[in-house]
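Inside the fold
In case you want the letters, here they are:
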Amino acid sequence: MIKKHFNPIQQKSGEIIEFLMSSPDMPKDDNLLFKIRLSIEEAVENIVNYAYNDGVGWMEVGTDLENTGLILSVTLKDAGIHFKPLAKPDPDLSLPVEQREIGGLGIYLCKKLMDDVIYHYEDGCNILTMKKKIAQE
Amino acid sequence: MDVTINKEESKTIVVLNGRLDTTNASKFQQDIEPLMEGDNPDIEIDCTNMEYTSSQGLRLFLMLQKSVTSRAGNLILTNMKPQVKEVFDITGFSNIINIL
């Protein structure tokens, strides 16, 4: 398990992503790592860019293993705007190119690449937890 | 990430090397901005050595595709790695961008 509090978070996306990816909880498999890294990048970027109106604020991130190492859990917490990331409808993938919106794909990618994406709002904080099965039972 | 752009007579060839992520998406945007105008809209992007793309990168491919479509040109992405292709598949970008 690892956990770290980052403040400030402006311009710190890279550092936060590398902290999480360097966790001993991470699997070794390249294909899994690719999906986990992309999900982490999208979630971290959302918070760094949109959580705080003036861009000033903190983020606490961590990883843990559940079910005796079967499941990786990544948690991101911030005290920014109550942003309900999962309330947004998924993008309409059937639209022609002229009508596809530029943007809005980040959380959708997290939902597709991870097994579970769970959001809570608690004590004035957004808590986003992403889970991925990383080993066989 | 390195971007090489070669303008040939009939089309423009772009070679991407490395990871397209949050740290370099704005640089890539600057690199491809000249391709979003002019009357030579056929573009081929060689993705052989493209290791990764985040939604920031996808956003730029969509902008480029929209620009090329509006000028009746063709955009082709070639030799994409399976992991990267999966990101294009999940987001439906494989349906709107020509990937060979």
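In short, a report on the structure. (Residues numbered from 1 in each chain as written. Chains lettered and ligands numbered in written order. Predicted model: local features only at pLDDT ≥ 70, side-chain atom pairs only at ≥ 80, totals over all residues. Heavy atoms only, no water.)

Describing the pattern of salt bridges
Throughout the structure, instances matching the rule amount to 11 salt bridges over all chains. The salt bridge involving A:Lys35 is made with B:Glu86; its shortest N-O contact spans 3.3 Å. Taken together, the positions of A:Lys35 in helix α2 (residues 30–50) and B:Glu86 in helix α3 (residues 82–90) put the pair across two chains. (Salt bridge = Lys/Arg side-chain N within 4 Å of Asp/Glu carboxyl O. Helix = DSSP H or I, 4+ residues; strand = E, 2+ residues; numbered from the N terminus.)

A look at the sheet that holds strand β4 (residues 116–122) of chain A
Residue and element names in this part refer to chain A. Across the sheet, which stays open at both edges, the 5 strands sit in the order β1-β2-β3-β5-β4 with antiparallel pairing between neighbours. Each edge of the sheet is formed by a strand with only one pairing partner; in this case those strands are β1 (2–6) and β4. Each adjacent strand pair in this sheet contributes to an overall mean axis angle of 15°, direction not counted. Bridge count for strand β3 (residues 71–78) against strand β5 (residues 125–133) is 8 bridges, and the pairing is antiparallel. Its bridge partner being in β5, Asp78 is matched across the sheet by Asn126. Running at roughly 170° to β1, helix α1 (residues 13–21) makes contact with β1, β2 (59–66) and β3 of the sheet. (Pairing = 2+ DSSP bridges. Axes fitted to C-alpha atoms, helices over the stretch in contact; angles between N-to-C directions. Contact = heavy atoms within 4.5 Å.)

Some details on the packing of α2(A) against helix α3 (residues 106–113) of chain A
Residue and element names in this part refer to chain A. Between α2 and α3, the shortest axis-to-axis distance is 9 Å and the interhelical angle comes to 150°. If you check the angle between α2 and α3, you find them roughly antiparallel. Crossing geometry of α2 relative to α3 is assigned as left-handed. Contacts between α2 and α3 involve Lys35, Leu38, Ser39, Glu42, Ala43 and Asn46 from the former and Gly106, Ile107, Leu109, Cys110 and Leu113 from the latter. For the contact of α2 with α3, the residue count by class is 6 nonpolar, 3 polar and 2 charged. (Parallel < 35°, antiparallel > 145°, perpendicular 65-115°, else oblique. Left-handed = near helix turned anticlockwise from the far one by under 90°. Nonpolar A, V, L, I, M, F, W, Y, C, P; charged D, E, K, R; others polar.)

So, the layout of surface pockets
Quantified by volume, the largest pocket comes out at close to 510 Å³. Around the largest pocket sit 25 residues that line it, and A:Asn46, A:Tyr50, A:Gly104, A:Leu105 and A:Gly106 are the ones nearest its centre. If you list the elements that add at least two residues to the lining of the largest pocket, you get α2 and α3 of chain A together with α2 (55–70) of chain B. Ranked by residue count, the leading element in the lining of the largest pocket is α2(A), at 6 residues. In terms of residue class, the lining of the largest pocket is built from 10 nonpolar, 8 polar and 7 charged. Considering only enclosed or pocket space, the second largest pocket measures out at about 230 Å³ in volume. Around the second largest pocket, the lining comprises 13 residues; the ones closest to its centre are A:Lys3, A:Glu60, A:Val61, A:Gly62 and A:Thr75. Listing elements by their share of the lining of the second largest pocket, those giving two or more residues are β1, β2 and β3 of chain A. At 5 residues, β2(A) tops the list of elements feeding residues into the lining of the second largest pocket. (1 Å grid on protein atoms, 1.4 Å probe; cavity = no way out; pocket = protein on both sides within 12 Å on 5 of 7 lines; lining within 4 Å. Points joined across faces, edges and corners; volume = space filled by probe spheres on them.)

So far we have only geometry, and geometry alone does not tell us how the molecule works.
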